[in-house]
Amino acid sequence: MSVLEVRDLRVELDTPRGTAHIVNGLDYTVDAGETVAIVGESGSGKSVSVMALLGLLPGHARVGGSARFEDRELVGASESELRTVRGNGIGMVFQDPMTSLNPVLTIGRQVSEGLLAHRLVPSKKAARERAADLLADVGLPDPRGVLDRYPHQLSGGMRQRVVIAIALAGNPRLLIADEATTALDVTVQAQILDLVARLQDEHGTGVVWITHDLGVVAGTADRVLVMYGGRCVEDGTVQEVFDAPAHPYTRGLLGSLPSLESPTEDLVAIPGTPPPPTDLPPGCVFHPRCPVRGDARCATEQPPLVPVGSSGTHRAATFYGLEER
Ligand SMILES: Nc1ncnc2c1ncn2[C@@H]1O[C@H](COP(=O)(O)OP(=O)(O)OP(=O)(O)O)[C@@H](O)[C@H]1O
Ligand SMILES: [Mg+2]
C-alpha cells in the first residue's frame with residue numbers, strides 16, 4: 001500500500017529573472033515501510049519538491065499536479081488541513097534545522113508541543129517523559145538536561161538531532177528527511193538511520209530521504225529517484241540504478257562516488273553546472289552537459305521517462321541507448 005503518491009508535481013515561481021520552473025512533472029510513490037531516496041546536484045529541486053507537499057513554499061509559488069498522502073490530497077489543501085498532517089501523519093526534517101526551532105522556547109516545550117497538541121500523551125508530565133526518551137533515542141547525552149535548554153545553547157549537531165526527535169515524535173506514517181544527517185558525525189548518523197529503520201519496522205513508516213551521500217542511499221534506501229532540472233531523469237531500485245545506471249547524468253553522479261576498492265581515486269565532477277530554473281534548455285534538460293549526446297533530437301525533444309529492461313521498476317529519461325532497451 002502506498003503512503004504517498006506523487007503525480008505530475010509541478011512548482012513554478014515568478015522571479016525578477018522570469019518564471020522559475022523548479023519542479024517539472026515529478027511522479028513517484030512511497031509504499032508503507034519503504035525508503036525512497038532523492039538524489040541530484042544542488043539546485044535540482046529536491047527541497048522545493050518536498051516543501052511543496054506540505055504547503056511550505058512562499059505564497060506566490062504555483063504548485064500543480066497531485067500528491068496523495070494516504071487518502072488525502074495535499075496539493076491545494078487548506079492551511080489547517082496541512083497543519084494537521086504536518087504534526088500527525090507526516091514528520092519532516094528540514095535542511096536548515098534553525099528555521100524549524102523556535103529560539104525563545106525550551107527544547108522540552110518544543111518536543112512536547114506536538115505530542116500534546118495531537119493528544120499523543122495524556123499529560124504534560126507524560127509529554128516531558130516521552131520527550132526525554134525521544135532525545136535519548138536520537139543519541140543526545142543528558143536528555144533531561146537538554147529539555148530545559150534553548151536552541152542557542154546547543155551545538156548544530158545537537159539541534160539537528162532535536163529536529164529529528166520532533167519529526168519522529170508522533171510516529172509518523174511518512175517521514176521526509178532533507179539532508180537530515182549530513183551535518184552529523186558518522187556514528188550519530190548510523191544511530192539515527194537505525195532508529196528510522198526501527199520506526200519503519202514497527203509502524204510501517206514510509207520514508208523520503210534526500211541526501212548527497214550516495215553511501216547512505218546504498219545502505220538504507222529501497223529505491224532511488226535521480227533529479228535533474230526539476231525532473232526525474234532516472235528511478236529504480238537501488239541495485240538497478242547503482243549497478244546499471246542508464247542515464248548519462250546518473251553515470252556521472254555515480255562516477256563521483258569514491259570507490260571502496262580504490263579509495264585514493266579522485267572525485268569525478270560532471271563538467272559544467274546545472275541550468276538555472278529560469279532558463280531551462282529545450283530538449284533534454286541535461287543535453288548541454290551530456291558527454292554522449294547524440295543527434296539533434298537531444299536538443300529539441302524531451303526524452304520521456306520509459307522503462308529500462310523488463311523489471312517494471314527501472315526507468316530513465318534519455319535517448320542514449322534507447323534503441324537497445
Ligand atoms: N523561494 C524561491 N524563490 C526563487 N527560487 C527559488 C526559491 N526556492 C528555491 N529556488 C530555486 O529553485 C531551485 C531548486 O532549489 P532546491 O532548494 O529545491 O534545490 P535542492 O535540490 O534542494 O539543492 P541542495 O542540494 O543545494 O539542497 C534552485 O535553483 C533555487 O535557486
Ligand atoms: Mg535542498
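Residues numbered from 1 in each chain as written. Chains lettered and ligands numbered in written order. Predicted model: local features only at pLDDT ≥ 70, side-chain atom pairs only at ≥ 80, totals over all residues. Heavy atoms only, no water.

**As for the sheet that holds strand E11 (residues 306-307)**
Reasoning step 1: Taking strand neighbours across the sheet as the criterion, the eight strands line up as E6-E7-E8-E3-E9-E10-E12-E11 in an open arrangement whose pairing is mixed. Pairing within the sheet leaves two strands with one partner each, and these edge strands are strand E6 (90-93) and E11.
Reasoning step 2: Looking at chain direction, E6 and strand E7 (residues 174-178) are connected through four bridges and run parallel. By the bridge assignment for E7, Gly91 is matched with Leu175.
Reasoning step 3: Across the face of the sheet, helix H7 (residues 156-169) comes into contact with E6 and E7 while running at roughly 170 degrees to E6. (Pairing = 2+ DSSP bridges. Helix = DSSP H or I, 4+ residues; strand = E, 2+ residues; numbered from the N terminus. Contact = heavy atoms within 4.5 Å. Axes fitted to C-alpha atoms, helices over the stretch in contact; angles between N-to-C directions.)

**Let's talk about the domain arrangement of the protein**
Reasoning step 1: According to the domain assignment, the protein contains domain 1 (2-89 + 172-324) and domain 2 (100-169).
Reasoning step 2: Each partner contributes to the interface: domain 1 provides 13 residues, whereas domain 2 provides 11 residues.
Reasoning step 3: Summed over both partners, the interface of domain 1 with domain 2 comes to about 1100 Å²; 71% of that surface belongs to carbon and sulfur atoms.
Reasoning step 4: Summed over the shared surface of domain 1 and domain 2, the result is one residue pair in polar contact (both at pLDDT 80 or more).
Reasoning step 5: Sorting the residues of the side of domain 1 that touches domain 2 by element identifies helix H2 (79-87) and helix H8 (186-203) as the ones contributing at least two each.
Reasoning step 6: Examining the composition of the side of domain 1 that touches domain 2, we find that five residues originate from one element, H8, more than from any other. (Domains from an automatic or database assignment. Buried area = accessible area lost by both parts, 1.4 Å probe. Polar contact = N/O pair within 3.5 Å; in protein donor to acceptor, adjacent residues only side chain to side chain.)

**Topic: the environment of Val39**
Reasoning step 1: Inspection of the secondary structure assignment puts Val39 in strand E3 (residues 35-39).
Reasoning step 2: Not counting chain neighbours up to four residues away, the residues in contact with Val39 comprise Lys46, Thr211, Leu214, Val217, Val224, Leu225, Val226, Met227 and Leu253.

**So, the packing of H7 against H8**
Reasoning step 1: Close contact between H7 and H8 brings their axes to 12 Å; oriented N to C, the two are set at 0 degrees. Between H7 and H8, the crossing angle belongs to the class labelled roughly parallel. Contact residues: Arg161, Ile164 and Leu168 in H7; Val188, Ile192, Leu195 and Leu199 in H8.
Reasoning step 2: When grouped by side-chain class, the residues that make up the contact of H7 with H8 number six nonpolar, no polar and one charged. (Parallel < 35°, antiparallel > 145°, perpendicular 65-115°, else oblique. Nonpolar A, V, L, I, M, F, W, Y, C, P; charged D, E, K, R; others polar.)

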